[in-house]
Amino acid sequence: MVEQALITIIIPIYNAERYLNQCLDSLLYQTCKSFKVILVDDGSTDSSSNIALKYVNAHPEMFSYLFQKNAGQGAARNYGMRYVNTPYTEFLDSDDCLMPRTIESVTKALSAETEDVDIIFMLPQVYNMATCKYEQWMDEELLKNIFSKSHVICPSEAPEMYALEANINRMVWNTAFLRKHNFSFPEGVKWEDVFPHFYLFYWARRCIMVENAGFFYRINSGSQTTALSGTARLDIIPVFSNTLLYALENNWGKTEISYIIHMMMIFIRWSMFVAKPAVRKELTQKLHILCASIPRCYISHYRHALSPSMDMIIYLQCLRYPFLYKLLANCHVVEFGEHLYHCLEKIRRR
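Here is what the cut-offs are and how they apply
Residues numbered from 1 in each chain as written. Predicted model: local features only at pLDDT ≥ 70, side-chain atom pairs only at ≥ 80, totals over all residues. Heavy atoms only, no water. Helix = DSSP H or I, 4+ residues; strand = E, 2+ residues; numbered from the N terminus. Buried < 20%, exposed > 50% of the residue type's maximum accessible area, 1.4 Å probe, protein only. Contact = heavy atoms within 4.5 Å. Areas by Shrake-Rupley, 256 points an atom, 1.4 Å probe, with all protein chains shown as cover. Pairing = 2+ DSSP bridges. Right-handed = clockwise from strand over helix to strand, strands pointing away. Axes fitted to C-alpha atoms, helices over the stretch in contact; angles between N-to-C directions. Parallel < 35°, antiparallel > 145°, perpendicular 65-115°, else oblique. Nonpolar A, V, L, I, M, F, W, Y, C, P; charged D, E, K, R; others polar. Salt bridge = Lys/Arg side-chain N within 4 Å of Asp/Glu carboxyl O. pLDDT = per-residue confidence, 0-100. Expected span 1.5 Å × (residues − 1). Phe/Tyr/Trp six-rings, centres within 6.5 Å; stacked < 30°, edge-to-face > 60°. Lys NZ or Arg CZ within 6 Å of the ring centre and 35° of its normal.

1. Some details on the overall build of the chain
Here is step 1: A tally of helices and strands in the chain yields 14 helices and 11 strands.
Here is step 2: Counting across all 350 residues of the chain, residues that qualify as buried make up 54%.
Here is step 3: Taking the intrachain contacts of the chain between residues at least 6 apart in sequence as the baseline, contacts between residues at least 24 apart amount to 80%.
Here is step 4: Counting every atom, the chain has about 16,600 Å² of accessible surface; 53% of that belongs to carbon and sulfur.

2. Thoughts on the pairing of strand β3 (residues 63-67)
Here is step 1: Of the pairings in the sheet, the one linking strand β2 (residues 35-41) to β3 comprises five bridges and is parallel in character. Opposite V40, over in β3, you have L66 as the bridge partner.
Here is step 2: For the handedness criterion, the β-α-β arrangement of β2, helix α2 (residues 48-58) and β3 is classed as right-handed.

3. As for unusual backbone geometry
Here is step 1: You will see that N15, though not glycine, has its phi angle at about 50°, which is positive.
Here is step 2: Mapping N15 onto the fold places it in the loop between β1 (7-13) and α1 (20-28).

4. Things to note about the packing of helix α10 (residues 277-292) against helix α12 (residues 310-320)
Here is step 1: Relative to each other, α10 and α12 sit at 90°, their axes nearing to 7 Å. Judged by the inter-axis angle, α10 sits roughly perpendicular to α12. Between α10, through T284, L287, H288, C291 and A292, and α12, the contact on the second element is made entirely by L316, L319 and R320.
Here is step 2: A class-by-class count of the residues in the contact of α10 with α12 yields five nonpolar, two polar and one charged.

5. Details of the pattern of salt bridges
Here is step 1: A full pass over the atoms with the stated rule returns 12 salt bridges.
Here is step 2: With a shortest N-O distance of 3.0 Å, R170 and D139 are connected by a salt bridge. Linking R170 in the loop between α5 (140-147) and β9 (171-174) with D139 in the loop between β8 (133-135) and α5, this pair joins segments that are 31 residues apart in sequence.
Here is step 3: A relative accessible area of 0% places R170 in the buried class.
Here is step 4: The partner of E160 in a salt bridge is K149, with the nearest N and O atoms 2.9 Å apart.

6. Thoughts on the confidence of the model for the chain
Here is step 1: Per-residue pLDDT for the chain has a mean of 90; in total, 90% of the residues score no lower than 70.
Here is step 2: Note that pLDDT drops below 50 for residues 223-227; the model gives that stretch nine contacts with residues more than four away or on any other chain.

7. What to know about the sheet that holds strand β5 (residues 97-98)
Here is step 1: Taken in spatial order, the four strands line up as β5-β11-β7-β8 in an open sheet, and their pairing is mixed. Because the sheet does not close on itself, it has two edges, and the strands there are β5 and β8.
Here is step 2: One ladder, built from two bridges, connects β5 with strand β11 (residues 215-219); its direction is antiparallel. Bridged to C97 within β11 is F216.

8. Here's the deal with α10
Here is step 1: In a regular helix each residue adds 1.5 Å, so 16 residues correspond to 22 Å; α10 covers 22 Å between its end C-alpha atoms and thus fits that length.
Here is step 2: Among the residues of α10, V279, R280, L283, T284, L287, H288, L290 and C291 are the ones counted as buried.

9. Details of the packing of aromatic side chains
Here is step 1: One pass over the structure, following the stated rule, counts 24 aromatic pairs.
Here is step 2: Ring centres 5.2 Å apart and planes at 65° place the aromatic pair F240 and F267 in the edge-to-face group. A residue pair is termed long-range when its members are at least 10 positions apart, and F240 in helix α8 (residues 236-249) and F267 in helix α9 (residues 254-274) qualify at 27 residues. You'll find F240 and F267 in the same group, each marked buried.
Here is step 3: Counting every residue linked through ring pairs, the aromatic cluster contains F121, F147, Y162, F198, F201 and Y259.
Here is step 4: Its guanidinium or amino end placed over the ring of F185, R77 lies 4.8 Å from that ring's centre, counting from NZ or CZ.
Here is step 5: Between the NZ or CZ atom of R233 and the centre of the ring of W270, over which it lies, the distance is 4.3 Å.

10. Overview of the sheet that holds β1
Note on sheets: strands pair through backbone hydrogen bonds, and any given pair is parallel or antiparallel.
Here is step 1: Sheet architecture is open: seven strands sit in the order β3-β2-β1-β4-β9-β6-β10, paired in mixed fashion. Either end of the sheet is taken by a strand with one partner, and the two such strands are β3 and β10 (207-209). Sheet twist, expressed as the average angle between the axes of neighbouring strands with direction ignored, equals 25°.
Here is step 2: Note: β1 against strand β4 (residues 88-91), four bridges, orientation parallel. The partner of I10 across the bridge, within β4, is F91.
Here is step 3: Sheet strands in contact with α2 are β1, β2 and β3, and its direction is about 150° off that of β3.
Here is step 4: Sheet strands touched by α5: β6 (119-121) and β10. Its angle to β10, the strand with the most contacts, is close to 120°.

As structure tokens, this is what we get:
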């Protein structure tokens, strides 16, 4: 007997033949079958489509297949969302795997709720392909600390939720909630999870956490977004400028905006050191324009409310001022500056 579907899992696929079987098997062998899967082929040129159709033909009650010309992960997710007809929606990348009993755990948790839940947080695990070992999810302690205060959390009452990793896949979403707020992913850019992270948290009112549920997230696979060092790094400019602009135009509070700035600075520091030299120069110039445009009152609140590290403050201050930002285009200058600062701090504290 087929269980009534509670969740639809949307999987964008682009040239994922190396991992796709593992991903889809992790769904096939879930202990609870109250879910559907929409496979969105984003114009793959390898054997991904053949693999996907094999599962669709063998298990049509569970899997369905859509095809679009290559338009990126955000567009593929948006395409899949059009066909969701279940109360909840989940997203999964084609090179990751759903943890055993995830659907069962989420289903049990939702059946115990007497009111609708907007967001169900899960706790994924990291699989390091370089060491073949499982590692703790990057914000596990923060997430557990947030939900140690209450079973149901509202982000407006616990703004530290904005500091969580911006990963849409680590949550199950109320479909009606997404549609009520006309949600769609940004298209044509990398890091399409950043805007949804802030936008959906801002509107959410009832969030819960389910332990022993989530997905296995691969790192050091050699094909991830984190490995990009070319012009794709420039995508952090529209990603964060659009997020900040939306927050400012809609009169978000200083605290929410401070967390956007904080995440932006994390991305900036990370991008500076992995970007190729030619890209770094262009990136720095555009980041100067972005950072200089942020009103001083929000910069001040960010520094006082979130107490960022001195490294982050140095980066932000350099990017905001003419001429200083050019120093950041050269990685060795940044490293020397940070080293000099820390040496002076040690002397000052003696």
